[in-house]
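Read off the chains here:
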Amino acid sequence: MVKLSKRLETIALQVPPGSRLADIGSDHALLPVYLVQKGRVPYAVAGELNPGPYDAARKQVKEASLGERIVVRQADGLRAVLEGEVDAVSIAGMGGALIVHILEEGRSKLDGVHTLVLQPNIGEDQVRRWLVQNGWQLAAEQLLEEDGKFYEVLTAVRNDDQAGGADLYAARELGCGIEISEALLYRLGPYLVEQPNEAFFAKWRSELAKLEGIAADMTRSDAESARLRREMLLQDIAATKEVLVCLQKERQ
Ligand code: SAM
C-alpha cells in the first residue's frame, strides 16, 4: 500500500467512497493508487501534462498492478477525461489560477461530476470565487500544516441554486462580535473562520508578516500610486488582523 503525506491523505478523505475519480496533475499517481488500493474508489483516471510525471504515474500504477483500475493519460487538464467517465475530480498542488484555468477549460467534462476536491497552494480566494460563479457549493474546508507549509483543501458539490453558494460569503457578524467583509470571507474561508484551528492562525500570522514586509518595501517609492497601494494594503492588513484577534479571543 502506498503511503501518503498528511496533505494527500486529507484530500483522499474528501473523495466520496464509490466515486470514479479523475486526479488532474497527478504526478506520481499516489492519490489514485492509494484510493484504489484502499477500495475507496473503484476506478480512476490519472491525468498528467508533463512527460516526467506522466512516466512516474505509469510506473507507479504498473508496480501496484492496477492497470485495469487506473488509466494514466498524458493530457492538458480535463482533456485527460472522457465525458461521463468520472463522478469526482481532484486537482492538487498547483496555484489557484491554474486550477481555475483547468476547470474553466474543462467545463464540458464536469457535466456528470458531483464532487470537486481542490488544493490550491496559493490563490484560494480565486478558486472560491470560481466555485460560486459556476454553480458549485463549497461543502468543506480544511487547513493543515505539513513540513512548515500550509495547505487548504476545498471540497465542493454541485449547487443548482446558485444564490445559495454566494450566501456563504455575505458580510456578517462573527460570533466574536465583529463584522467580516465578503472579501475577507473569500480570502480566509467561510468555514475556516467558523472553526479556526492552530494551523489557521499560524498561516495567517505568517502571511501578515509577509504583507507587512511588502508594505515596508513600498515606502521606498515616492510615487503617488505606490503610496495609494500601500495605504490599501495597510487597510487590508489591519482588517485581517482585527478578525484574527477577535477569532483568537473567542477560542480562549
Ligand atoms: N497532484 C499532485 C500532488 O498534489 O501531490 C502533484 C502536484 S505537482 C506539484 C503539480 C503537477 O501538475 C505536476 O506534475 C505538473 O506536471 C502537473 N500539471 C501542471 N499543469 C497541468 C495541466 N494543465 N494539466 C495536467 N497536469 C498539469
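Residues numbered from 1 in each chain as written. Predicted model: local features only at pLDDT ≥ 70, side-chain atom pairs only at ≥ 80, totals over all residues. Heavy atoms only, no water.

S.K.: Looking at this model, I keep getting lost on the environment of Pro42. Mind explaining?
M.R.: The residue Pro42 is located in the loop between α2 (30–38) and β2 (44–48) in this model. Residue classification places Pro42 among the partly exposed positions, given a relative accessible area of 38%. Sequence spacing of Pro42 and Leu192 is 150 residues, and the spatial spacing of their C-alpha atoms is 31 Å. Residues contacting Pro42, with those up to four places away along its chain left out, are Gly18, Ser19, Arg20 and Arg69. (Helix = DSSP H or I, 4+ residues; strand = E, 2+ residues; numbered from the N terminus. Buried < 20%, exposed > 50% of the residue type's maximum accessible area, 1.4 Å probe, protein only. Contact = heavy atoms within 4.5 Å.)

S.K.: What's the story with the site of the ligand in this structure? I'm lost.
M.R.: Of all residues adjacent to the ligand, which total 16 residues, the nearest are Arg7, Gly25, Glu48, Asn50 and Gly77. Asp76 places a side-chain nitrogen or oxygen 2.8 Å from a nitrogen atom of the ligand. Between the ligand and Ala92, the relevant distance is 3.0 Å, taken from a nitrogen atom to a main-chain nitrogen or oxygen of the residue. Look at the ligand: alone it shows 590 Å² of surface, and the protein chains cover 80% of it. Among the secondary structure elements, those contributing two or more residues to the shell around the ligand are α1 (6–12), β4 (88–94) and α4 (96–105). Considering each element in turn, the shell around the ligand owes the most residues, three residues, to β4. Grouping the constituent residues of the shell around the ligand by class yields eight nonpolar, four polar and four charged. (Near = heavy atom within 4 Å. Polar contact = N/O pair within 3.5 Å; in protein donor to acceptor, adjacent residues only side chain to side chain. Areas by Shrake-Rupley, 256 points an atom, 1.4 Å probe, with all protein chains shown as cover. Nonpolar A, V, L, I, M, F, W, Y, C, P; charged D, E, K, R; others polar.)

S.K.: Looking at this structure, I do not really get the side chain of Gln60. What am I missing?
M.R.: Structurally, the position occupied by Gln60 is in helix α3 (residues 51–63). Side-chain polar atoms of Gln60 contact the backbone oxygen of His28, separated by 3.4 Å. Among residues more than four places away in sequence, those in contact with Gln60 are Val2, His28, Ala29, Leu30 and Val33.

S.K.: So what exactly am I meant to see when it comes to α3 here?
M.R.: Taking 1.5 Å as the rise per residue, α3 with 13 residues should run 18 Å; its terminal C-alpha atoms sit 18 Å apart, in good agreement. For α3, the complete set of buried residues consists of Tyr54, Ala56, Ala57, Gln60 and Val61. For α3, the buried positions fall inside an angular range of 160° around the axis, keeping them on one side. Facing away from the buried side of α3 by over 90 degrees, the exposed positions are Lys59, Lys62 and Glu63. Among the structural elements, α2, β2 and β3 (70–74) are those in contact with the buried residues of α3. (Expected span 1.5 Å × (residues − 1). Arc of directions from axis to C-beta.)

S.K.: When you look at the domain arrangement of the chain in this model, what are you seeing that I'm missing?
M.R.: Where interface size is given, it is often the accessible area lost as the parts come together that is meant. Taken domain by domain, the chain holds domain 1 (6–164) and domain 2 (172–251). The interface of domain 1 with domain 2 comprises 16 residues on the first partner and 17 residues on the second. Surface buried jointly by domain 1 and domain 2 totals about 1300 Å² across both partners, of which 60% is contributed by carbon and sulfur atoms. Among the residues of domain 1 in contact with domain 2, Glu141, Leu143 and Phe150 are the three that bury the most area, contributing 44% of the side total. Viewed at the interface, domain 2 and domain 1 are joined by two salt bridges. (Domains from an automatic or database assignment. Buried area = accessible area lost by both parts, 1.4 Å probe. Salt bridge = Lys/Arg side-chain N within 4 Å of Asp/Glu carboxyl O.)

S.K.: Would you explain the state of the cysteines in this entry?
M.R.: A covalent bond between the sulfur atoms of two cysteines is referred to as a disulfide. Evaluation of the coordinates by the stated rule reveals one disulfide. Paired by a disulfide, Cys176 and Cys246 hold their sulfur atoms 1.8 Å apart. Taking the torsion about the S-S bond as the criterion, the Cys176 to Cys246 disulfide, at about 120°, is right-handed. Here Cys176, found in the loop between β8 (172–173) and β9 (179–180), pairs with Cys246, found in helix α9 (residues 224–251); they are 70 residues apart in sequence, far enough to count as distant. What makes Cys246 buried here is its relative accessible area of 7%. (Disulfide = S-S within 2.5 Å.)

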